[in-house]
Every structure is written in C-alpha cells, then in structure tokens.
Amino acid sequence: MFDFIKRKAALLWAHNFVRKSSKSGHSAVADQEALLLSLVRTAEKTLFGRIHHFEEIDSVAAFQKNVPVCDYEDLKPLVEKIKHGDRNILWPGVPEYFAKTSGTTSGTKYIPLTQEGMDDQVEGARAALLHYIAQKGNADFVTGKMIFLQGSPELEEKNGIKTGRLSGIVAHHIPAYLQKNRLPKYETNIIDDWETKVEKIAEETEKENMTLISGIPPWLVMYFEKLTERNHKKILQLFPNLQIIVTGGVNYEPYREKMEDLLGGHVDVIQTFPASEGFFAYQDDYTQDGLLLQTNHGIFYEFIPLEESGKPDARRLTLKEVETGLDYALVISTNSGLWAYAIGDVVRFISKNPYRIVVSGRTKHFTSAFGEHVIGYEVEEAMKATVKKHPCTITEFHLAPQVNPAQGLPCHEWLVEFEREPENLTLFSHDLDQELRKRNTYYDDLISGNILRPLVITRLKKNAFNEYAKSQGKLGGQNKIPRLANDRKIATLLEKYIV
C-alpha cells in the first residue's frame with residue numbers, strides 16, 4: 001500500500017510541476033534580464049561588487065561594461081580570501097561549500113557554492129526526474145533501489161566551509177523520500193580507490209532490485225562491466241526492473257552502443273548538464289535530443305561565438321541574441337558569486353522555443369593543428385554516424401594531430417579502444433573521415449587540397465584508457481579524458497597501449 005501511495009504521489013507531483021514549468025518557459029528572456037539585476041543588487045556591497053561598481057549597473061549592457069569575462073585564474077585571489085576566512089567577497093557572507101575540481105592550468109580549483117546554488121543543483125536533478133515521470137506516466141522506479149555513482153561524501157572544512165567534490169556534496173542532499181531506497185551504503189561511498197569502490201558497489205548491489213542508476217558514462221561502464229564479470233549476465237538479466245539511467249558530465253552518445261551491449265536491451269536514459277559551477281540544463285523529453293536550459297534558477301548566461309572566444313573584443317550575446325546551429329562559449333554569473341565566468345564549455349542551440357542546447361565541446365579541447373578547428377561535437381557525431389553504418393562497440397577514443405608522420409602527408413590520428421571491432425576497419429576509417437568532412441568544411445578543404453591525408457585509426461588494447469587514467473592518477477573521481485587535443489601529449493602516453 002505504501003508503494004502504491006508513493007507512486008501516485010510522484011505522478012501527481014510530476015504533472016503539477018511540468019504544468020507550472022511549461023508556463024514559465026515562455027518568459028525566459030525577461031526572466032534572465034531580471035535575474036541578472038537581482039544578482040547584482042544582492043552582491044552590491046561585496047568586495048567584488050564594490051570593485052566593479054555594481055551600484056551603477058541597471059542593465060545587461062552596463063553589467064557587460066563593468067564586469068569583464070574572467071576565468072578561475074582571475075578569480076583565484078578572491079577565492080583565496082574566502083578560503084582564509086574573509087566574508088562578503090564574491091557573495092554576501094561565505095559560501096556553504098567549496099566544490100573541488102581539477103584544472104589543467106590552475107591545479108585544484110575551489111568553486112564557491114552557496115546554499116542557494118546548492119538548492120538549484122538539487123532542483124535541476126529533481127526537475128529532470130519529474131519531467132520523465134510526467135511524460136512516461138510511470139513512477140514505478142520510486143519503489144525500487146537506486147544508486148548514485150559518485151565521489152566520496154566525506155567533506156573537509158576550511159574555516160567553516162565544507163569542501164569536497166560536487167558529487168560528494170550532492171550525496172548530502174539526496175531527498176529524504178529517496179534515502180530509504182538509496183545505495184551504496186556510506187562506508188562503501190567513502191572508499192577512495194576507484195577500482196576497489198566499484199568492486200564493493202557491485203558486490204553490494206548485484207542482488208538488489210535496482211530501478212534507477214545514475215552516474216557519468218565512464219563510471220557506468222566500469223560498474224556494468226564489473227557486474228557482468230562477477231555474474232556472467234547482462235545487466236537487464238541482473239536487474240529486470242531497471243527503468244531509467246540518469247547521466248551527465250560528458251556526452252552520452254559515444255557510449256550508447258557500449259552501454260546497450262552491456263545492458264542487453266533498452267533502458268530509458270535522461271541526460272543532464274551539471275557542473276561544479278551550476279546545474280545548467282536537463283533532458284526534459286527523453287525521446288528527443290537536446291537539454292532544456294534552466295533560465296530562472298540562479299544563473300545568468302552569456303554566449304560568446306566560439307571563433308571569438310578569448311579575444312578582448314568578443315561579443316557577449318544574451319539569450320535573445322543567440323542563433324541555432326552555432327557554437328558558443330558559455331559564460332555564467334550565479335547566485336554562488338561567479339561573475340561573467342567562462343566555464344570552458346561550448347554549447348549549441350538546437351531550439352529557441354523552448355531554449356534547448358547540446359554540449360558541443362570544450363573551449364580548450366579542439367584539434368586545429370592545420371587550421372581546421374575541429375570540436376568535440378563534430379567528432380562525436382561523426383563517430384556516432386559511422387558506428388550506425390558499421391556496427392561495433394567502442395569503449396573510448398582520442399583524436400590527435402599527426403604533424404610529422406614517418407611517411408606520407410600529415411593527418412588526424414584516432415586512437416580507438418574497441419570492445420567489438422567493425423567487420424571492415426578500412427571501410428570504417430573511410431566513412432568516419434567522410435562523416436567528419438561533412439561536419440567541418442575546413443577539414444574537408446584540407447583533405448581535398450591534399451594538405452592532409454584521410455584520418456588514420458590506431459587500435460588500442462582493451463582497458464587502455466582505464467590504464468592510462470590510472471597511470472595519471474585520474475581513474476574515477478570527476479576526471480574525464482579529452483576526446484580530442486591540439487597536441488600529442490595524451491596520444492604519446494597512449495602509444496604504449498597500441499595493439
């Protein structure tokens with residue numbers, strides 16, 4: 001009886017939530033402008049607000065004039081003040097948390113996260129689930145066991161500010177109505193070594209009635225592989241009532257083939273776009289691509305055309321000025337005290353009514369050794385289309401330029417770990433090259449002009465990417481190996497795993 005009531009309550013809540021949120025979606029542009037001015041007024045007397053004359057700001061244009069785009073290095077001196085106990089620096093008082101994240105140039109970053117910001121993180125995840133329940137008309141998963149693959153929930157304290165990985169912080173905010181169903185237990189969650197932790201999670205969950213599983217795709221693959229290794233069964237044979245997978249952090253599409261093979265059947269997937277800096281978007285319709293941008297939840301967005309990113313005179317567009325099909329570097333101002341902060345992600349709008357996006361790459365992750373500026377979305381979509389033509393299973397891949405090959409013209413080298421290879425690798429390589437040429441005219445011109453030869457695929461041994469990550473101390477956690485690079489630093493380290 002309790003489970004029946006729980007399902008009915010979830011359905012009613014979901015339908016009411018979706019009805020209200022659909023109405024607010026029509027005022028996204030106005031909401032964004034009002035939100036920015038509210039953020040500015042709130043932080044007017046902070047150190048940052050005084051330095052940038054927030055009292056003078058009465059419009060988006062005035063904000064853009066007073067507050068330049070920044071990155072973590074620019075904010076670091078102010079973050080250090082907060083870490084040492086200073087108050088009212090970026091936001092009134094002090095943040096509730098510091099979300100630790102690894103940076104490529106700044107070492108460990110400490111991203112401030114206020115209680116308001118944390119509430120919006122939780123609300124974003126909840127909204128994704130409620131939309132799914134309302135659309136599916138089914139809340140059966142709420143009565144089964146759920147697992148949230150995440151970092152350790154153990155938090156340090158720095159002058160009263162709790163500090164840890166975002167996924168570990170989120171563990172302290174799982175709603176009470178889900179706690180009873182939640183796995184793994186705390187003692188398992190705090191294990192540091194990722195391989196040991198995944199083994200223990202598999203042991204703890206393999207006999208349970210799992211209905212929802214959440215985590216970033218590489219973690220999910222490791223967990224499912226461990227379960228398969230232990231039980232010699234597909235995941236849906238182990239968990240016949242598994243209904244939903246919630247994922248985020250990286251694009252799910254390149255993992256879809258591998259995941260479906262491990263699952264042994266179809267499971268609904270909800271993709272989300274969370275980060276230490278905020279919860280930006282979620283898939284409000286699990287049957288179609290695109291993530292609904294959160295426009296009234298504590299984050300003001302600006303969009304810099306990708307080709308202008310990093311330039312001092314770059315245009316800073318607002319929501320009403322964006323166009324579909326173009327790539328933009330994402331810049332945010334938040335109720336956790338980040339101001340005109342370039343987070344490094346690149347997004348592309350696929351719809352403006354409502355505002356839906358795909359994450360198309362990272363501003364620092366691209367390949368342009370020959371002027372082609374290939375980005376993550378292009379290589380992932382090219383790979384997806386090629387795998388559809390030539391059925392195979394890919395664990396992971398990395399693209400790097402080969403500028404000085406031992407023989408022949410320069411090229412793009414794709415280092416690929418196959419779980420199951422295509423029948424004809426030569427034809428697969430040809431079609432992958434064609435798919436990338438369709439998506440990037442500059443690359444197409446370089447091939448046509450005999451500046452580059454078609455791409456080369458280098459096969460890697462099984463577990464190559466996990467072994468590489470382990471060797472760099474980046475296995476598990478929130479670490480993600482870039483899918484492409486403009487140099488051969490990662491490629492050179494992966495060469496030891498060539499078949």
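Residues numbered from 1 in each chain as written. Predicted model: local features only at pLDDT ≥ 70, side-chain atom pairs only at ≥ 80, totals over all residues. Heavy atoms only, no water.

## Description of the sheet that holds strand 19 (residues 411–420)
Phase 1 of the analysis: Pairing within the open sheet is mixed, and its three strands lie in the order 18-19-20. Edge positions in the sheet fall to strand 18 (393–402) and strand 20 (456–460), since each of these pairs with one other strand and no more. Strand-to-strand twist across the sheet, computed as the mean angle between neighbouring axes with direction ignored, equals 25°.
Phase 2 of the analysis: Alignment of strand 18 against strand 19, held across nine bridges, turns out to be antiparallel. (Pairing = 2+ DSSP bridges. Helix = DSSP H or I, 4+ residues; strand = E, 2+ residues; numbered from the N terminus. Axes fitted to C-alpha atoms, helices over the stretch in contact; angles between N-to-C directions.)

## Some words on the packing of helix 15 (residues 425–439) against helix 16 (residues 441–448)
In a pair of packed helices, the angle between the axes and the distance between the axes together describe the arrangement.
Phase 1 of the analysis: Packing of helix 15 against helix 16 brings their axes to within 5 Å, and their N-to-C directions diverge by 125°. As summarised for this structure, helix 15 and helix 16 are arranged oblique, according to the angle between their axes. Two packed elements cross with a definite hand, and for helix 15 against helix 16 that hand is left-handed. Residues Asp 433, Leu 436, Arg 437 and Arg 439 of helix 15 touch helix 16, and the partners they reach there are Thr 441, Tyr 443, Asp 444, Ile 447 and Ser 448. (Parallel < 35°, antiparallel > 145°, perpendicular 65-115°, else oblique. Left-handed = near helix turned anticlockwise from the far one by under 90°. Contact = heavy atoms within 4.5 Å.)

## Some words on the sheet that holds strand 3 (residues 145–148)
Phase 1 of the analysis: Spatial ordering of the open sheet is given by 6-3-7-8-9-10-11-15-14-13-12, a layout of 11 strands whose pairing is mixed. Here the strands that pair on one side only, and so sit at the sheet edges, are strand 6 (182–183) and strand 12 (299–305).
Phase 2 of the analysis: As judged from the two bridges shared by strand 3 and strand 6, these two strands associate in the parallel manner. By the bridge assignment for strand 6, Ile 147 is matched with Leu 183.
Phase 3 of the analysis: Against the sheet, helix 14 (residues 376–389) touches strand 14 (341–352) and strand 15 (355–362), its axis set at about 95° to strand 15.

## Concerning the pairing of strand 12
Phase 1 of the analysis: The buried fraction of strand 12 is high, at seven of seven residues.
Phase 2 of the analysis: Residues Ile 299, Tyr 301, Phe 303 and Pro 305 point to one face of strand 12 and Phe 300, Glu 302 and Ile 304 to the other, with burial holding for every one of them.
Phase 3 of the analysis: Alignment of strand 12 against strand 13 (residues 327–334), held across seven bridges, turns out to be antiparallel. The residue of strand 13 that forms the bridge with Phe 300 is Ser 333. (Buried < 20%, exposed > 50% of the residue type's maximum accessible area, 1.4 Å probe, protein only.)

## Quick look at the packing of aromatic side chains
Phase 1 of the analysis: Under the criterion given, the structure shown has 20 aromatic pairs.
Phase 2 of the analysis: Clustering of aromatic rings is evident, with ring pairs tying together Phe 273, Phe 280, Tyr 301, Phe 303, Tyr 328, Phe 349 and Tyr 355.
Phase 3 of the analysis: Over the ring of Tyr 97 we find Lys 162, and its NZ or CZ is 5.4 Å from the ring centre.
Phase 4 of the analysis: Just above the ring of Phe 397 sits the side chain of Arg 483; from NZ or CZ to the centre is 5.0 Å. (Phe/Tyr/Trp six-rings, centres within 6.5 Å; stacked < 30°, edge-to-face > 60°. Lys NZ or Arg CZ within 6 Å of the ring centre and 35° of its normal.)

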